[in-house]
Every structure is written in C-alpha cells, then in structure tokens.
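Given next are the chains, with one letter for each unit.
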Amino acid sequence: MFDLVLKNGVCLLNHPQNPKEIIEEQIDIGIKDGYIKEIGSLSKSSTAESLDCSNLHVLPGLIDSQVHFREPGLEYKEDIQHGTLSAIKGGITAVFEMPNTNPATMTREALDHKIQIAQKKSHCDFAFYLGAGKGNASQLNEIENRPFCCGVKLFLGNSTGNLAVDNEETLNIILKNRNRMTAIHSEDEQRLVSRKHLSEQKPLRAHNHPVWRDPESALISTKRIVGLARKYNTPLHILHISTKEEMEFLKDHKDLVSIEVTPQHLTLAAPDCYDRYASYVQMNPPIRDESHQKALWKAVTSGLVDTIGSDHAPHTKEEKEKPYPQSPAGMPGTQTLLPLMLNHLNQKRLDLKTLVKLLAYNPAKRFKIKNQGQIKVGYKAHFTIVDLKAKRKIESKWLASKCAWSPFEGWSVVGWPMVTILYGQPIVREDEVLSKDFLGQGIEFTDIST
Ligand code: DOR
C-alpha cells in the first residue's frame, strides 16, 4: 500500500533505455515512506491518498543552488525560515545557501551552527557553502567534508560582505588539494577598485553599475580562475555568468567548468531595467545590455549552461532606496525563479526538458547529490507540480521573503507552480502553505566520505 499516488500527471522521467535523455509520459507515481516506490499504471493499487495531476506536469523537486538567506547576523533582511518558505511557495524543494552571513561561514563551527538552525527552521532540504579566505585556505579540504556542505564558495571580487580573495598565493592554496566543488563569484577585485570612481560619476544612478563593473572585470577574473583550476585539475562552478565574452571563453573549458545563469540576467536588460527599477535591479555581476542577454539565451539553448540559480539576495526596501552607489547589490528571487522561467517557456525560449535539466538533473549530478533531482524509484519523493497554462500575476502578498518585494511585482506570467511535495507530503498547494511546521532535511552528497 502506498502513502500517496500522483495520478495522471505528465511526468518528466528518464528514458528507459537511455538515462541521459528525459521523456514526458503520462503515468502514475507511487510513494511510500517519503521515497518513490513505483512508477507505472497504479490506478488499481491501494493507497492512503491520491492526488489527481491531470493537465499538470510533474517535475522532480527543483533545486536552487544559489541563495543568500542572511542568517545568522543579518536577519533583518532575511532568515532561513522566510527564505525557505519563499522557496517552497515558488516550487523549490532544495537550496544551497551562501557564506556571506555574519559571521561568515568560514569555520567548521559556523557551518555546523547554520546546519543546527536549518534543522529547526528550514521548510525545504538544505546545504551550505563554506566560504574561502586567507584564514581558512589550508583547512578547506577538511571542513568541506562536513555533512550538508555543498562545497566551497570563493568571491574573487567584493559583493555584499568582504570576502574577496585576490592574492595569488592564497588562491593557489584554495584550489590545491581540493576534493569538492568550488563555486565562484567571478569579478576581478583589482579592476573593480580601480574603476570604482565610475560608479560615482554624475548623474548618480544605477545605470552606472554595469559601467563600473564592466564585462572586462568579469572576463579577466574568469580567465584567471580557470587557469588556476587547470593547474590543479579541480572543478569549478562559475555562478551568474553575465557576459557574452565569458560564454565564448568557457566553451572550451567545459571539461572542468560548469556554468550558472540567473533568471534576472535572462529576463532584464540595461538600460531599460535601470530606467524602470533603478537600484532595485542593481546586482553583482550587473544586468547588462541585450547583446549579453542574447548570448546567455544562446548558451542556455545550446546546452552550454548547466544550472539556473536565483541568487536570492534580499535587502530591505529602505536600503535599496538609498542613492546609488550606497544602495546594496542584490534582489530576492527564489520564489520568482520558476514562474519567470515557465513564462519564458511559454514564450518558446526553452522547453520543459531543458528547464528540468537546469534546475534538477544538472545541479544534482554536478554537486553529486544523493537520491534527488530525478523521478526515479528509490529517490526522494520531492516533486514540483506545475500548470504550464496557468496565468497569474506576481503580487507582493504572495511573496514570503522577509524583504517582501520583487522587481517582478505586477508582472503577469503564464506557467505557475501548483503543488510542492517534499518526502511525499504536499506542503504547498495553489499558493497555500499546508503545513507551516514541515521541516526539510540536510542534503546528502555522494562525494562526502563519512
Ligand atoms: O548582487 C549580489 N548580491 N551578488 C552577490 O554575489 C552577493 C549578493 C548579496 O549577498 O547581496
């Protein structure tokens, strides 16, 4: 007997003969004790409950591999409880959280402290990045093997916080003798410092942001870190790639490097976005002009891009209203990630199989997540069930983030997450959180030796 059967949905599954290929098939899914027990025609099977998924698509639970939840230390902007509530309402079932909190996540104690908070408060599955710096460079390969650590995060240029590493010797120590993934914020610190005056040119406005942090700042940094990764043959995951030049360069380095883009960079373009939203869309690396956006889309559809991460980076409205350049960089996004991408799908910019690769298969494979990211017998019963035809408006009352704003407020989209399921339990249905007490678990990785 099953605990739950998902009936009649169009499921995104592995091709039976070729597991690298994803197929869409109308089929039932039987769940027992939080795991997928059977996939097939289950209308006659006995089950405690069933969920009719007719006219809906059943996706593996989606993974947002870049969020900043600000806890501990900056809870006035966001915390793990609200950040993960935001994630599940947006159809996300697992998150990787970033180390630029206060204190920054640079030690075993800081990492374990975050895990303890998440075990009491996280509404979805979670893992945390360990920050890399001069002080911990030689201990990374030991601390990165703590349970529920997704890898190391290295800032090459300063963004929110003060974690940039620019010193060649430290970078060498960080990349040497590593076992796990290093995720990179790639902007060249020296160039950012030398061009800072350009952010202060008159008129003072967010339009200056991509002028200051120009494409060259990103490219120089990306070339430098890929060169170093080659030296030590260590894998990199370069976050929020924003330029056509980096995409062109990275084409030849896919054996070592995976690539993330964000929905913001795929959806907004300069100068129009700064005319409309000013500092609310100021982020690092910046949103650039349409020629870059086109190159990012080409990289998505050609398979060059591996993952989409939201870079959920909340700041309060008061902070974002400060005159540029005092306004901080970053915007919330984990809740709007899927609606925006489904809307792009409806506009024929990508298909559902590609989206499922970018948000489930690829992050799971690249980071070596155990038992999730696919609809497969024996895997965790995490699902994101979507209505590709639902028309909705993104409204502030729907947003669960503590900062409760989005540049996409008021946007109408086609395509919406209808049900979010974790461990076989529907926890969000038609925007309603069904169980505020539900807790996710730490994500397990197959490359951590226990
Ligand atoms: O714009 C950004 N804000 N980019 C980052 O990489 C960090 C983030 C933040 O933490 O606010």
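Provided above is the structure to which this section pertains.
All residue numbers refer to positions counted from 1 along the written sequence of the respective chain. Totals for whole chains, interfaces and linings use every residue, but because this is a predicted model, local features are given only for residues with pLDDT of at least 70 and side-chain atom pairs only at 80 or more, for both listing and counting. Just so you know, side-chain values use all the structure's heavy atoms and leave hydrogens and water out.

## A word on the environment of valine 152
Within the secondary structure layout, valine 152 lies in strand β9 (residues 149-155). Valine 152 sits 23 residues away from leucine 175 along the chain, and the two C-alpha atoms are 9.9 Å apart. Contacts are assigned to residue pairs that have any heavy atoms within 4.5 Å of one another. With near-sequence residues (within four places) excluded, valine 152 lies in contact with Tyr129, Leu130, Ala132, Leu140, Glu144, Arg178, Met181, Thr182 and Ala183. Helix and strand assignments come from DSSP, with helices taken as H or I runs of at least 4 residues and strands as E runs of at least 2, each series counted from the N terminus.

## As for the packing of helix α4 (residues 168-175) against helix α7 (residues 215-232)
Where helices are involved, their axes are fitted lines through C-alpha atoms of the stretch in contact, as for all axes, and angles between N-to-C directions lie from 0 to 180°. Taken N-terminus to C-terminus, the directions of α4 and α7 make an angle of 50°; their axes are 10 Å apart at the nearest point. For the element pair α4 / α7, the angle class is oblique. Both α4 and α7 take part in a crossing whose hand is right-handed. Here Glu168, Leu171, Asn172 and Leu175 of α4 come into contact with α7, specifically with Arg224, Ile225, Leu228, Ala229, Lys231 and Tyr232. Residue type decides the class: Asp, Glu, Lys and Arg count as charged, Ala, Val, Leu, Ile, Met, Phe, Trp, Tyr, Cys and Pro as nonpolar, and the leftover types, Gly among them, as polar. Here the contact of α4 with α7 is composed, by residue class, of 6 nonpolar, 1 polar and 3 charged. Angle categories are assigned with fixed cut-offs, so that under 35 degrees is roughly parallel, over 145 is roughly antiparallel, 65 to 115 is roughly perpendicular, and the rest are oblique. Crossing handedness is defined as follows: a turn of the near helix away from the far one that is anticlockwise and smaller than a right angle gives a left-handed crossing, while the clockwise case is right-handed.

## Examining the pattern of salt bridges
The term salt bridge refers to a side-chain nitrogen of Lys or Arg lying within 4 Å of a carboxyl oxygen of Asp or Glu. Taken as a whole and assessed by the stated rule, the structure comprises 21 salt bridges. Linking arginine 191 and aspartate 214 is a salt bridge whose minimum nitrogen-to-oxygen distance equals 2.5 Å. On the criterion of sequence distance, the pair formed by arginine 191 in helix α5 (residues 189-194) and aspartate 214 in the loop between α6 (209-212) and α7 is long-range, its members being 23 residues apart. Judged by its relative accessible area of 10%, aspartate 214 falls in the buried class. Among the salt bridges present, the one from glutamate 248 reaches lysine 251, with a minimum N-O distance of 3.2 Å. Residue burial is assigned from relative accessible area. The probe radius is 1.4 Å, only protein chains are included, and a residue is buried under 20% of its type maximum, exposed over 50%, and partly exposed in between. By relative accessible area, lysine 251 is classed as partly exposed at 44%. Beyond isolated ion pairs, a larger network of salt bridges with shared partners links Asp166, Glu168 and Arg224.

## Topic: the packing of aromatic side chains
Between rings of Phe, Tyr and Trp, where Trp is taken as its six-membered ring, a pair exists when centres lie within 6.5 Å; planes separated by under 30 degrees are stacked, by over 60 edge-to-face, and by other angles tilted. Across all of its chains, the model carries 9 aromatic pairs by this definition. When the centroid spacing of 5.9 Å and the interplanar angle of 45° are considered together, the rings of phenylalanine 126 and phenylalanine 128 count as tilted. For the pair phenylalanine 126 and phenylalanine 128, a shared accessibility class is recorded, and that class is buried. Of the aromatic side chains, those joined through ring pairs into one cluster are Phe96, Tyr129, Phe367 and Phe445. Comment: the charge-over-ring label is applied if NZ (Lys) or CZ (Arg) is within 6 Å of the ring centre and within 35 degrees of the ring normal. The ring of phenylalanine 155 has lysine 153 sitting right over it, with the charged end atom 3.8 Å from the ring centre. When the ring centre of tryptophan 212 is taken as reference, the NZ or CZ atom of arginine 213 above it lies at 4.7 Å.

## Let's talk about the site of the ligand
Close to the ligand lie 14 residues; Arg70, Asn100, Thr160, Asn284 and Ala329 are nearest. We define a polar contact as two N or O atoms separated by no more than 3.5 Å, with the added condition that, inside protein, one atom must be a possible hydrogen donor and the other a possible acceptor, whereas residues neighbouring each other in sequence contribute only through side-chain atom pairs. Note that an oxygen atom of the ligand is positioned 2.8 Å from one of the side-chain N or O atoms of asparagine 100. Contact between the ligand and asparagine 284: an oxygen atom at 2.7 Å from a main-chain N or O atom of the residue. Per-residue accessibility takes into account occlusion by the displayed protein chains alone, with areas from the Shrake-Rupley method and a 1.4 Å probe. For the ligand, the protein covers 100% of the area, taking 290 Å² as the surface of the free molecule. Lining residues are defined by having an atom within 4 Å of a point belonging to a cavity or pocket. Those points lie on a 1 Å grid over the protein atoms alone, cavities being sets where a 1.4 Å probe fits but cannot get out and pockets being open sets with protein on both sides within 12 Å along at least five of seven lines. Any molecule with more than half of its atoms within 2 Å of a cavity's or pocket's grid points is regarded as sitting in that cavity or pocket. Counting atoms within 2 Å of the grid points, the majority share of the ligand lands in the largest cavity. Here the shell around the ligand is composed, by residue class, of 3 nonpolar, 9 polar and 2 charged. We call a residue near a molecule or strand when any one of its heavy atoms sits within 4 Å of it.

## Quick notes on the side chain of histidine 68
Along the chain, histidine 68 turns up in the loop between β6 (62-67) and α1 (80-89). Taking the relative accessible area as the measure of exposure, histidine 68 reaches 5% and is therefore buried. A polar side-chain atom of histidine 68 sits 2.8 Å from a polar atom in the side chain of asparagine 100. With sequence-adjacent residues up to four places away left out, histidine 68 is seen in contact with Glu78, Glu97, Met98, Asn100, Lys153, Asp311, His312, Ala313 and Pro314.

## Thoughts on unusual backbone geometry
The omega torsion of the bond from glutamate 71 to proline 72 falls at 10°, within 30 degrees of zero and hence cis. With respect to the helices, strands and loops of the structure, proline 72 is situated in the loop between β6 and α1. Cis geometry is adopted by the peptide bond preceding proline 325, which originates at tyrosine 324 and carries an omega value of 5°. Among the secondary structure elements, proline 325 is positioned in the loop between α12 (317-320) and α13 (337-346). With a phi close to 50°, aspartate 33 is a non-glycine residue in the positive phi region. When you line up the elements, aspartate 33 lands in the loop between β2 (22-32) and β3 (35-40). Accessibility expressed as a relative area gives 60% for aspartate 33, which makes it exposed.

## Quick look at the pairing of β2
In the sheet, strand β1 (residues 2-14) pairs with β2 via 9 bridges, with the strands oriented antiparallel. The partner of leucine 12 across the bridge, within β2, is glutamate 24. One requirement defines pairing of two strands: DSSP has to find at least two bridges between them. Where β2 lies against β3, 5 bridges are found, and the strand directions are antiparallel. Of the residues in β3, the one forming a bridge with lysine 32 is tyrosine 35.

## Notes on α7
Each α-helix winds once per 3.6 residues, and so residues spaced three or four apart point in a common direction. Multiply 1.5 Å by the residue count of a helix minus one, and that product is the helix's expected span. With 18 residues, α7 ought to run about 26 Å at 1.5 Å a step, and its terminal C-alpha atoms sit 26 Å apart, in line with that. Within the span of α7, buried status applies to Ser217, Ala218, Leu219, Ser221, Thr222, Ile225, Val226, Leu228 and Ala229. Directly beyond the C-terminal end of α7, a positive phi value near 50° is found at asparagine 233.

## Describing the layout of surface pockets
Grid points are joined across faces, edges and corners, and a volume is the space filled by probe spheres set on the points. Considered as a void within the structure, the largest pocket measures approximately 680 Å³ in volume. Lys357, Tyr361, Asn362, Lys365 and Arg366 are, among the 28 residues lining the largest pocket, the residues nearest its centre. Broken down by secondary-structure element, the contributors of at least two residues to the lining of the largest pocket are β12 (257-261), α11 (290-301) and α14 (352-366). For the lining of the largest pocket, the leading source of residues is α14, giving 8 residues. Counted by class, the lining of the largest pocket contains 9 nonpolar, 11 polar and 8 charged residues. Taken together, 22 residues line the second largest pocket, and the ones lying closest to its centre are Ser159, Thr160, Arg213, Asn284 and Ala329. The element that contributes the greatest number of residues to the lining of the second largest pocket is α5, accounting for 3 residues. Classifying every residue of the lining of the second largest pocket by side-chain character gives 8 nonpolar, 9 polar and 5 charged.

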